[in-house]
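Here is what each chain is made of, one letter per residue.
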Amino acid sequence: MIISERIFQRLNELGISQKEFADRTGITPSTISDWKHKKTNPAADKLMVICRALQMTPNELLSGTSDPEDKWDVDYMLVDDKSEDFILLQQYHSLDAAGRARLLGYLHALCQNEE
């Protein structure tokens, strides 16, 4: 299944019309129609807005994998700049090397307590 097919499958699952999807994403209805009828995929710069509108991860959209165990099986992550994850990363990178090491130590200890 190609990406555009996953988009239309998810639209059906969520009960979202192409018009509503266009309104949510700012993508023109004609572009969305082209994906469906010409079997083309969206441009890379549209993927994150599509994922937000469809409430799915980039991994789910790109690969069709929705297994929660596969969610973190990547060597990179995209983070929304309005998320708590982004704020955490900003604050982490504002620390000096000693502060980063201490924070990672705290995180390691917290994770061990959860097990």
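The present account deals with the structure reproduced in this document. (Residues numbered from 1 in each chain as written. Predicted model: local features only at pLDDT ≥ 70, side-chain atom pairs only at ≥ 80, totals over all residues. Heavy atoms only, no water.)

### Considerations on the packing of helix H1 (residues 3-14) against helix H3 (residues 29-37)
1) Next: Between H1 and H3, whose axes approach to 9 Å, the crossing angle comes to 110°. Comparing the axis directions of H1 and H3 gives the class roughly perpendicular. By crossing handedness, the relation of H1 to H3 is classed as left-handed. Side by side, H1 and H3 meet where Ser4, Ile7 and Phe8 of the first sit next to Ile32, Trp35 and Lys36 of the second.
2) Next: A class-by-class count of the residues in the contact of H1 with H3 yields four nonpolar, one polar and one charged. (Axes fitted to C-alpha atoms, helices over the stretch in contact; angles between N-to-C directions. Helix = DSSP H or I, 4+ residues; strand = E, 2+ residues; numbered from the N terminus. Parallel < 35°, antiparallel > 145°, perpendicular 65-115°, else oblique. Left-handed = near helix turned anticlockwise from the far one by under 90°. Contact = heavy atoms within 4.5 Å. Nonpolar A, V, L, I, M, F, W, Y, C, P; charged D, E, K, R; others polar.)

### Looking at the environment of Asn59
1) Next: Considering the arrangement of structural elements, one finds Asn59 in helix H5 (residues 58-63).
2) Next: A C-alpha to C-alpha distance of 9.7 Å links Asn59 and Met77, two positions 18 residues apart in sequence.

### Regarding the nonpolar core
The nonpolar side chains of a soluble globular protein tend to be buried, and buried together.
1) Next: Counting residues in hydrophobic clusters, the biggest one holds 17 residues, and the most contacted among them are Ile7, Phe21, Trp35, Ile50 and Leu61.
2) Next: When residues of this core are assigned to their parent elements, the largest contribution, five residues, is made by helix H4 (residues 47-54).
3) Next: Once residues lying within four places of it in the same chain are set aside, the contact partners of Trp35 are Ser4, Ile7, Phe8, Phe21, Ile27, Thr40, Asn41, Pro42 and Ile50. (Core = buried A, V, L, I, M, F, W, Y, C linked by side-chain atoms within 4.5 Å. Buried < 20%, exposed > 50% of the residue type's maximum accessible area, 1.4 Å probe, protein only.)

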